[in-house]
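# Notes for the structure review
Here is what each chain is made of, one letter per residue.
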Amino acid sequence: MGAPSQFRIDQVEAALIALLKSVMPAAYGTPVDVDSVNSKDFNAQGQLALRAPAQRIQFGDADFSDLRDNQRLSYQAGILFDVLCWESSLRSKADERLQSLGLVAVTLNQLAGARLEMADGTRSMPITLKRVSLVLPDDGGPVDQLYAITVLISGIAQFDGANGGTV
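Summarised in this report is the structure supplied together with it. Note that the coordinates shown come from a computational prediction; the quantities given were computed from them, not determined experimentally.

## Observations concerning helix H2 (residues 93–111)
Given 3.6 residues to a turn, an α-helix orients residues that are three or four positions apart in the same direction. Taking 1.5 Å per residue as the helical rise, H2 with its 19 residues ought to reach 27 Å, and the 26 Å between its terminal C-alpha atoms agrees with that figure. Regarding H2, the residues found buried are Asp95, Glu96, Ser100, Leu103, Val104, Thr107 and Leu111. Those residues of H2 that are buried lie in contact with helix H1 (9–28), strand E2 (54–66), strand E3 (74–86), strand E4 (128–135) and strand E5 (146–158). Within two residues after H2, Gly113 carries a phi angle of roughly 80°, on the positive side.

## Concerning the sheet that holds E5
In space, the five strands of this open sheet follow the order E1-E2-E3-E5-E4, with mixed pairing throughout. The open sheet has two edge strands, strand E1 (33–36) and E4, and neither has a second partner. With direction set aside, neighbouring strand axes in the sheet form an average angle of 30°. As judged from the seven bridges shared by E4 and E5, these two strands associate in the antiparallel manner. For Val132, the partnering residue across the bridge sits in E5 and is Ile149. Packed on one face of the sheet, H2 meets E2, E3, E4 and E5 and runs near 150° to E3.

## Quick word on the environment of Phe42
Its place among the elements puts Phe42 in the loop between E1 and E2. Linking Phe42 and Thr107, residues 65 residues apart in sequence, is a C-alpha distance of 23 Å.

Reading the values: the criteria
- Residues numbered from 1 in each chain as written.
- Predicted model: local features only at pLDDT ≥ 70, side-chain atom pairs only at ≥ 80, totals over all residues.
- Heavy atoms only, no water.
- Helix = DSSP H or I, 4+ residues; strand = E, 2+ residues; numbered from the N terminus.
- Expected span 1.5 Å × (residues − 1).
- Buried < 20%, exposed > 50% of the residue type's maximum accessible area, 1.4 Å probe, protein only.
- Contact = heavy atoms within 4.5 Å.
- Pairing = 2+ DSSP bridges.
- Axes fitted to C-alpha atoms, helices over the stretch in contact; angles between N-to-C directions.

Now the structure itself:
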């Protein structure tokens, strides 16, 4: 397995991006632009503008449950991310929705039960699918509808005890 891990949010995000970059081209049948949400995703008017097909990873929340460690250095970490999926269509907005849902379906199949390989050599627990929701940006930009797949990524977070003392 590897050394104890702090199960850092930035490393979990990087591992999720790496997983999607490695599996989506073959699973979806074409390259998918996978990245974290960043400034390059917005045009000069501040509107969301992606190159389709696209997936953007966005951190949502983290929860830590005590593992009965009397020094409070070991936790079960649960980290929520949204995987934003968007596909374009020149036919219509209705077809764009259907194309995006196709990308969602393939992504769900690739994420369900996958384990992430962390930079420190540890692995996450299997990914838990939480929900899929429609996102409607209110800026009227080129991307006016996309879907968010919310996933829970769990693992053990063990901290080095900088604030721990003897009991």
